[in-house]
Amino acid sequence: MKDISDKSRTWTAAALVLVCLAVIGCATAYTLRVLHLMRSDTDQYLLENAKNAVLTVTSRVEEDFYNLNLAAETCANLPDRENRLTHLRNLAGGQTLDKLALAEPDGTLYLTNGNSFSMAGNSIVEQALQGSEVLAISQEFSLDDQTEYLVYAVPIVGHDNSILGALIWRDTQRFVTHWFPQNQSDRITIVESDGSIILSEQWGENVFDLLSRTVPERDCSLDQLRSDLSEGRQGIFYYHNTVEEAAITYFPLPFGNWFLLLRTPLESMNRSLSQAMLLGILLCFLLGAAFLLFLYFFRRAQQRHTQLLEQLAFSDPVTGGDNALRFSMRVEKILPEAPPASYVLVSADIQAFGLVNRIFGESAGDRVLSHLCRSFQDRLQPGELVARDTQDQFLLLLHADLPAALEARLEEMARHVNRFNEHTPTPYYLHLTIGLCLVNDPSHPLSDLLDQANLARKRARQHSTDKLSTCAWYRPEDQEQRLREQNICNQMERALENGDFKIYLQPKFSLAGRRVVGAEALVRWQDGEQAFFRPDSFIPYFERNGFITRLDRYMFEQSCIQLRQWLDAGLKPVPISVNFSRANLAVGTLAAYQAIQERYGVPPSLLEFELTETMMGENPTFFSEVVEAMHQMGFQCSIDDFGSGYSTLYMLQQVQVDTIKLDKSLFDGLRSQPECPRTAIVVEAVLQLARRLGLKTVAEGISTQEQLEFLKHYPCDMVQGYYFSHPLPAEEFCRRFLRPADAPPEVEVP
């Protein structure tokens, strides 16, 4: 038994030793990794410092060249050398007058202190006289000693691009001190690619000779340094000598073959590295077990943190499911591996979801979205995805099937979504609007596919169905329609400013007297370079984006202009009716219309607003107040498209309009023999009712003789349609139908 116990303790001790050795090994590796990262950070820090120093030098040099070029431009505008020298003396001010010099085309150099001497053949002067900017170190401009100066030279270019001379400026200050603080300038050196010292506060010999007396560190070598300088590469040379341990960071300058060298002592950095090493060793031997526990808990915390980050980054906060980012990432992995036409991208939302938030509150709306997400997830097949995108919009990636089968599946999903109504005393059904896009090309950008599905979803909103889901598949025409609308949006402001919207007038004829008694103002859009845009191609879009309010006001003003012109010409005007869109119901709109009418001095009785039957039927009480306000301003008012929507007797009772315009659809039935008797009864009843209510009536869309003959037997006041006249330009309307004010009033139809 004792032998067994001893063996057990031996194995236990061996296991503990192995664990400690493993911990020590891991801790050592970790410490070495930390040291490596610290050295990488040191390299990055040194390169960033050198890069910033290069940017400082470059900006200072560019600033000096900029100022010198400004002086050269001024000299180019001066007539002769004396005037140029005078300008240079003024620029020099109280500074040393021999810093600036003017070089003539023959190479003669004129100083601002009055001295001159020939510099013909000097490379700096010659390059400047040939039209180049020059920056160089030279002793030839030291005048009375052999000091090397930083010399700038720029050409003086005349208006005909001829070289009139050159400006020379030598920087008499120690330029490194001039550009950097003292605590930096003694560590910065400018060298050429061959190692020659150009400018330095301390070094005076070739950098390679200087560094040959040091010991390179960290796999650095002079050969690598020579190679980097000759090929214009940046880098770091670590070394030590009897005095210090340091690093020289070299970075190419953007002019010449010059390099900036930044010397950085490494004593403090090495001390940090040594301390890190000692601390790592100490932790290895004294805190092995504690380190293992720390590592364990650290990994646990890291995993929880990673899970939290993933949840925040990829989880939807409302539904708890995937968000659009996670959906996109997964789709971009699935589609490239899938055959063409094997998936369908679906965009779905809830019809009138805003009502849910307004009626039940946003918390209830969030619960609805969570329920919708779970319901979709319940009906997904392997390899399919769902995620909420924005608000109530959801994205799904489904396996492709026949269109009818896929629509049936989505309808089943919608029924599953609404299953909660089975146990609800007052059901509230959620109708889904769905756009589908077949992924024919898996390499197609996902953003384009999402746009296509969204376009189809927006088109599905225009459909009506008795199902719980309304589906529409993407068609190329959807994108074409979007591009057309974008083209309209890009042009509408300019078109309004340029007057490309033209007023056309369609006459209204008295059925009894066969004379013109009014006109309807219709808009036509004619681009200066293209043909007419059809109204139905831009009016619906203007109604959606709100531009219709500006267009309505513009057409009202054009109508006022026409009436004013007719009155000034001594013609007998007829009333003009203009459309008044739903978007014009904002506060103050009618006052703006009245201001336009008063500006042109047109009698308000000659202007009539047309409001659609659908608008007025939504809220007759409100529109009764609108019509009353129009009447108080003196305007007439009519119901347009009467009979095309849900006409009610209550609306006629509440809204005191002056005229009703019977929609053309009422008279289309007269063309069909089976529908003709019923149509006649309906039209007769409406006309008789209007007559008894004291309303004038207009029959719209009259295009045949049969329709006209029918109306002769009923109390209809006016007719309008292609049978009599198409909409005409205002000038042609005036020429054909208007008569002088003192002429007989009858105007027979041709």
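For the structure given in this document, a descriptive report is provided here.

## Digging into unusual backbone geometry
A negative phi angle is the norm for most residues apart from glycine, just as the trans form is the norm for most peptide bonds.
Logical step 1: The backbone phi angle of D219 is positive, close to 65 degrees, even though this residue is not glycine.
Logical step 2: Here D219 is to be found in the loop between β9 (215-217) and α7 (222-230).
Logical step 3: Of note in this structure, A352 is not a glycine but carries a positive phi near 55 degrees.
Logical step 4: Tracing the backbone shows A352 in the loop between β13 (343-350) and α11 (353-360).

## Here's the deal with the side chain of N454
Logical step 1: By the secondary structure assignment, N454 is in helix α14 (residues 446-460).
Logical step 2: Among residues more than four places away in sequence, those in contact with N454 are S347 and Q393.

## Considering the sheet that holds β9
Logical step 1: Read across the open sheet, the six strands follow the order β8-β7-β12-β11-β10-β9; overall the sheet is antiparallel. Of all the strands in the sheet, the pair left with one neighbour each is β8 (197-200) and β9. Strand after strand, the sheet turns through a mean of 30 degrees between neighbouring axes, direction not considered.
Logical step 2: Bridging between strand β7 (residues 188-192) and strand β12 (residues 258-265) involves five bridges; their strand directions are antiparallel. From the neighbouring strand, T189 faces β12, where its bridge partner is L261.
Logical step 3: Against the sheet, α7 touches β10 (235-240), β11 (245-252) and β12, its axis set at about 20 degrees to β11.

## Overview of α7
Helical periodicity: at 3.6 residues per turn, an α-helix aligns residues three or four positions apart in one direction.
Logical step 1: Residues L222, L225, D228 and L229 constitute the buried set of α7. Buried residues along α7 cover an arc of 120 degrees about the axis, so they all sit on one side. Relative to its buried face, α7 has exposed residues pointing more than 90 degrees away, namely D223 and S230.
Logical step 2: One or two residues past the end of α7 sits G232, with phi positive at roughly 75 degrees.

## Considerations on the nonpolar core
Logical step 1: Ranked by internal contacts, the top residues of the largest apolar core, which has 78 residues, are F501, F542 and L711.
Logical step 2: Of all the elements, helix α17 (residues 548-568) adds the most residues to this core, at eight residues.

## Considering helix α2 (residues 81-92)
Logical step 1: Between its first and last C-alpha atoms α2 spans 16 Å; for twelve residues at 1.5 Å apiece the expected length is 16 Å, and the two agree.
Logical step 2: When α2 is considered as a whole, its buried residues turn out to be R84, L85, H87, L88 and A92. In an axial view of α2, the angular spread of the buried residues amounts to 160 degrees, which keeps them on one side of the axis.
Logical step 3: Following α2 by one or two positions, G93 has its phi on the positive side, about 60 degrees.

What counts as what
Residues numbered from 1 in each chain as written. Predicted model: local features only at pLDDT ≥ 70, side-chain atom pairs only at ≥ 80, totals over all residues. Heavy atoms only, no water. Helix = DSSP H or I, 4+ residues; strand = E, 2+ residues; numbered from the N terminus. Contact = heavy atoms within 4.5 Å. Pairing = 2+ DSSP bridges. Axes fitted to C-alpha atoms, helices over the stretch in contact; angles between N-to-C directions. Buried < 20%, exposed > 50% of the residue type's maximum accessible area, 1.4 Å probe, protein only. Arc of directions from axis to C-beta. Core = buried A, V, L, I, M, F, W, Y, C linked by side-chain atoms within 4.5 Å. Expected span 1.5 Å × (residues − 1).

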